[in-house]
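Single-letter residue listing:
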Amino acid sequence: MSASKEIIEKLSKLKVSNSISSYPHIKNILKNQRIPIAFTELKPFKLIRYRSHNDGNRDKLFGSSKELSYRTDILNINEFGRANESGQGLFYCNDNENQNTGITEIVSIFRGNINSEEEVLTIGAWDVNQNLTLAMILPSEQIIGNNKDFDMMKADFNRFEESPEFEDLKILNEFLANEFTLDIEKHNSNYKISCAFAMYIKEQIPEVDGIMYASVKSEYKGVNIVLWPEVVDKKLEFVAARKTVFKKTKHKTFVEELINESVSYNREKDEINW
């Protein structure tokens, strides 16, 4: 058995283990590997982040950018996200070319809630003041062919080196990429491995600002971005917000209706004026 296959076998067992030590064990295994990471540099025109309203705050107009940014209520973050650990808030977002991807990700009917009739969202927009360096989660063989930019990077990655060692590493990368893009509602995924991989990138490659990966809910055609909080504070500038309601028209189809739009933003006071 190759080294990568042995690692994958162990990671797969730890993933389904209920032991409290299973996640730290996964992180330490990855930490001690040499995992090649593809990354790219870009500067989107805007970054967009969505916040869903629940019954308790349905009528609320969020008054500050902090309420629309990465979560800081770490005592209430009790589960793993695709990239964040419990007790950790990261900035999940989309660029201006992937706004529909973000809607697909957050409107719950696309996550299996067939009883949803309408959903209220507040959409925040941020300017990007500096280039972002983002690690790319390359497409696994199961999803290749859905996004040409990711496919081209995968092709370049595969040509990076010709050696038995690199070929073995590609097996591990394929496994990690597949774990990162699993649909948690359809597959046996608890985000342990994808989260540990995200933390590997964050801790081992300090020049990287975050991760870009194919959106599960857009059938891997759209792109999601996750940024580290310190990058948001340094490179992003909040500009505006819009509150809308998405009303169901037919199965898995919504129409968007504007509720309110911000008229200005006081940066010094972090105050959104509606």
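To start, this report covers the structure provided alongside it.

Mapped onto the fold, Val231 is located in helix α7 (residues 229-235). C-alpha separation for the pair Val231 and Gln130, spaced 101 residues apart in sequence, amounts to 9.9 Å. For Val231, the residues in contact, after removing those within four places along its chain, are Leu132, Asp209 and Leu236.

What follows concerns the layout of surface pockets. If a probe as big as a water molecule is rolled over the atoms, it shows which places are left empty. Considered as a void within the structure, the largest pocket measures approximately 1,400 Å³ in volume. Arg49, Arg71, Asn84, Tyr92 and Ile106 are the residues nearest the centre of the largest pocket, which is lined by 41 residues in total. Broken down by element, the residue count for the lining of the largest pocket peaks at four residues, all from strand β2 (residues 47-52). Taken together, the residues of the lining of the largest pocket sort by class into 14 nonpolar, 13 polar and 14 charged.

Right, let's talk about the sheet that holds strand β7 (residues 223-227) for a bit. What the nine strands build is an open sheet, ordered β1-β5-β6-β7-β3-β2-β4-β8-β9; its pairing is mixed. The open sheet has two edge strands, β1 (38-42) and β9 (253-261), and neither has a second partner. Averaged over all adjacent pairs, the angle separating strand axes in this sheet is 35 degrees, with direction ignored. Across six bridges, β2 lies against strand β4 (residues 118-128) in antiparallel orientation. Counterpart to Arg51 in the pairing with β4 is Thr122.

Cut-offs and rules
- Sequence positions are assigned chain by chain, starting from 1 and proceeding in written order.
- In keeping with the predicted nature of the model, local features appear solely for residues at pLDDT of at least 70, side-chain atom pairs appear and are counted solely at 80 or more, and the whole-chain, interface and lining totals rest on all residues.
- Excluded from the side-chain calculation are hydrogens and water; included are all heavy atoms of the structure.
- Helix numbering and strand numbering both begin at the N terminus, where a helix is a DSSP run of H or I of at least 4 residues and a strand a DSSP run of E of at least 2.
- Any pair of residues with heavy atoms lying within 4.5 Å of one another is described as a contacting pair.
- Here a cavity denotes a set of grid points, spaced 1 Å apart and computed over the protein atoms alone, in which a 1.4 Å probe fits but from which it cannot get out, and a pocket denotes an open set meeting protein on both sides within 12 Å along at least five of seven lines; residues with an atom within 4 Å of a point are reported as lining.
- Grid points are joined across faces, edges and corners, and a volume is the space filled by probe spheres set on the points.
- Here the term charged refers only to Asp, Glu, Lys and Arg, the term nonpolar to Ala, Val, Leu, Ile, Met, Phe, Trp, Tyr, Cys and Pro, and the term polar to all other amino acids, Gly among them.
- Pairing between strands is defined by DSSP: at least two bridges between the two strands are required.
- Every axis in this analysis is a line fitted to C-alpha atoms, fitted for helices over the stretch in contact. Angles between the N-to-C directions lie between 0 and 180 degrees.

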